[in-house]
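# What the coordinates show
Spelled out from the first residue to the last, the chains are:
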Amino acid sequence: MAAPSSVLTADVVIVGSGIAGAMTGYTLARSGVKVLILEAGPRVDRGKATVAFRNSPTKGANSPYPSDPKVPQPDLRDIGAYYVQAGPVLFRGLQARVVGGTTWHWGGLTLRYRPNDFVLKSKFGVGVDWPLSYNDLEPWYGEAEREIGVCGPPDDDWGSPRSTPYPMPPIAASYLDTVIAKACGHVGLSMAPFPHGRNSVGYDGRPPCCGNASCVPICPIGAKYDAAVHVAKAERAGARIEALAIAHEVVTGADGKVMAIRFKRPDGSSGEARGKIFVIAAHAIETPKLLLMSRLPNGNAVANASDQVGRNLLTQLDAGMMGLTRDKIYPYRGPVETSGIRELRDGDFRGMHGASGTSPSNEGWYRAVGPFRAAEMFAKQGLRGPALAAAISDHLARELAIGPSVECLPDPDNRVTLAHDKPDPLGLPRPRIAFKWSSYEQEGAKVALQYVQGLMNALGATSVRTVGPVTDSAVMGGTTRMGDDPKTSVVDRNLRTHDHPNLYLVGSSTFPSITASPPTLTIAAFALRAALTIRTSLALRATRQSPRAVDSRHS
């Protein structure tokens, strides 16, 4: 192999600058560790990204973040342009290959996982247990909420006991929420405000939310947290961010330790990053892809003695209903979702079907393009002038979209492999994704949709139609799961790979299960916890290598 154009060195080399990589990198850098973060995508200018979103005709999740031509990323307009779909279900999980990662276009919900989420097998007889408990992670949840800046209701823990209060008061419920909450009483449900990773008041130098209603895909003022916050903090603490550095090989030595990460650049140059400890934080698709591209002398993939790398791909099943309510509810304002339904998120039923998280959307039927679709529909019906304006206004004020996101069980045949026959512009294999539903999540959706139909009836809704099931575009995990047994998992409870003592994997790829709650806060909590483990490992290494330590052993 040709010599690299450049060699970069650090104590800790991190692949990926999303919330997992950025938070790990910042935590290490502020304690004096020399950190290098490799990111496949370009940097993002918030102002330019906002303009790109405004000018986009589709206004999709990645529309503000045009990728480098040689660094493709998935887009719902053409999901097959990057992912090679092996079916039978179309996998729609989105990732933003940019500095700051996928949190640029997340919705901002920061629910914790519940205690039962960590013990699915022992509690309900399905799935697998995590190698640690909710109580092990609880202090780190509090730290993650402080780092992100989470606002939430002081009187509702959403089923996850807390030792610390939310850093900020909650975001106010939307008018839509108040209408749906009244209807919930007719079908045995209840609602509460969500915790959010967005500012309800000024926090950490960022302004409070002002209801731009474009949280997905971009908050134009930075009130909603994204990992660019911790990228900037990491840089101020001394970390180096290397954008457009596409990692393609993990290099190991005869002792099993990782020696370097090799990367390519779109301009044709190449590089190598060398360090003492290596962290791959490239999300649930790119992390296994990088490991599978990297080979040991015996031909096996790096970190894959268990044959679990790429397996057990997880997401949520999304389904829902769209309808026109009898009375006006006024969507298209405020954050994506401000409140949610408490029920169906946990219970003994999880032994039979999946838990589900259901919440009404403040985005109407079609998010930012909804008004244009309504205008086109009524114009085709011949309406013009004031009649057209009145029809559009009335229709948009009554649009309701609501439905469940259902937890999915791990399946080793739901997996990521390498599509060597479908290389990307740099000649690297694209990810080939095989995915299918099980009856567990399908039955969970069926049960939840019966409640949603009841809500539609209570609201006097017309033009009701069911949408889905589809894979959630914002939630994915698995593929390098954690566990105590090296034969059935890739990393241990500290996210250190079983096969390589100086290689860590951080992010939702390590999750043994994906619950009905969003994974982002849990990703952040584990990143902070892993950073402490890594810092301790570096300190022990330095102690062993210091002359004083050597002398003391012989005194």
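Residues numbered from 1 in each chain as written. Predicted model: local features only at pLDDT ≥ 70, side-chain atom pairs only at ≥ 80, totals over all residues. Heavy atoms only, no water.

Another aspect to go through is the overall build of the chain. Looking only at helices and strands, the chain has twelve helices and 18 strands in total. A globule of 555 residues ought to have a C-alpha radius of gyration of about 24 Å, and the chain, at 24 Å, matches this closely. Counting across all 555 residues of the chain, residues that qualify as buried make up 61%. For the chain, the accessible area works out to roughly 21000 Å², and carbon and sulfur atoms hold 53% of it. For the chain, the centre of its 61 positive side-chain charges and the centre of its 50 negative side-chain charges are spaced 4 Å apart. (Helix = DSSP H or I, 4+ residues; strand = E, 2+ residues; numbered from the N terminus. Rg over C-alpha atoms; globule rule 2.2 N^0.38 Å. Buried < 20%, exposed > 50% of the residue type's maximum accessible area, 1.4 Å probe, protein only. Areas by Shrake-Rupley, 256 points an atom, 1.4 Å probe, with all protein chains shown as cover. Lys, Arg positive; Asp, Glu negative; His and termini not counted. Charge placed at Lys NZ, Arg CZ, Asp CG, Glu CD.)

At their nearest, the axes of helix 1 (residues 19-29) and helix 6 (residues 228-236) sit 8 Å apart, and the two run at 25° to each other. The angle between helix 1 and helix 6 places the two elements in the roughly parallel class. Here the hand of the crossing between helix 1 and helix 6 comes out left-handed. Within the contact between the two elements, helix 1 uses Ala-22, Met-23, Gly-25, Tyr-26 and Ala-29 and helix 6 uses His-230, Val-231, Lys-233 and Ala-234. (Axes fitted to C-alpha atoms, helices over the stretch in contact; angles between N-to-C directions. Parallel < 35°, antiparallel > 145°, perpendicular 65-115°, else oblique. Left-handed = near helix turned anticlockwise from the far one by under 90°. Contact = heavy atoms within 4.5 Å.)

Moving on, we get to the sheet that holds strand 13 (residues 356-360). Here four strands make up an open sheet; going across it, the order is 13-14-11-17 and the pairing antiparallel. For this open sheet the edge positions go to strand 13 and strand 17 (462-477), each flanked by a neighbour on one side alone. Within this sheet the neighbouring strands show an average axis-to-axis angle of 20°, counted without direction. Taken together, the five bridges between strand 13 and strand 14 (residues 399-407) define a ladder with antiparallel strand orientation. Paired with Ser-359 across the strands is Gly-403, a residue of strand 14. In this fold helix 10 (residues 439-458) packs onto strand 11 (314-324), strand 13, strand 14 and strand 17, with an angle of close to 155° to the strand it touches most, strand 14. (Pairing = 2+ DSSP bridges.)

Turning our attention to the pairing of strand 9 (residues 270-274). In terms of strand pairing, strand 1 (residues 6-9) meets strand 9 through four bridges, oriented parallel. Within the sheet, the bridge partner assigned to Leu-8 lies in strand 9 and is Ala-273. Sheet topology places strand 8 (residues 258-264) next to strand 9; five bridges connect them, and they run antiparallel. Looking at the pairing, Arg-262 lines up with Glu-272 of strand 9. Connecting strand 8 to the next strand, strand 9, in antiparallel fashion are five residues, including Gly-268 with a positive phi near 95°.

In this section: the nonpolar core. Within the largest apolar cluster, 89 residues are counted, with the highest numbers of intra-cluster contacts made by Val-12, Leu-38 and Ile-280. No other element matches the eleven residues that helix 11 (residues 520-545) contributes to this core. With residues near it in sequence (within four places) discarded, Leu-38 still touches Val-13, Ile-14, Val-15, Gly-16, Glu-242, Ala-245, Ile-261, Phe-263 and Ala-273. In terms of nonpolar packing, the next biggest core, distinct from the first, is built from 38 residues, Leu-317, Ile-329, Cys-408 and Met-476 among them. (Core = buried A, V, L, I, M, F, W, Y, C linked by side-chain atoms within 4.5 Å.)

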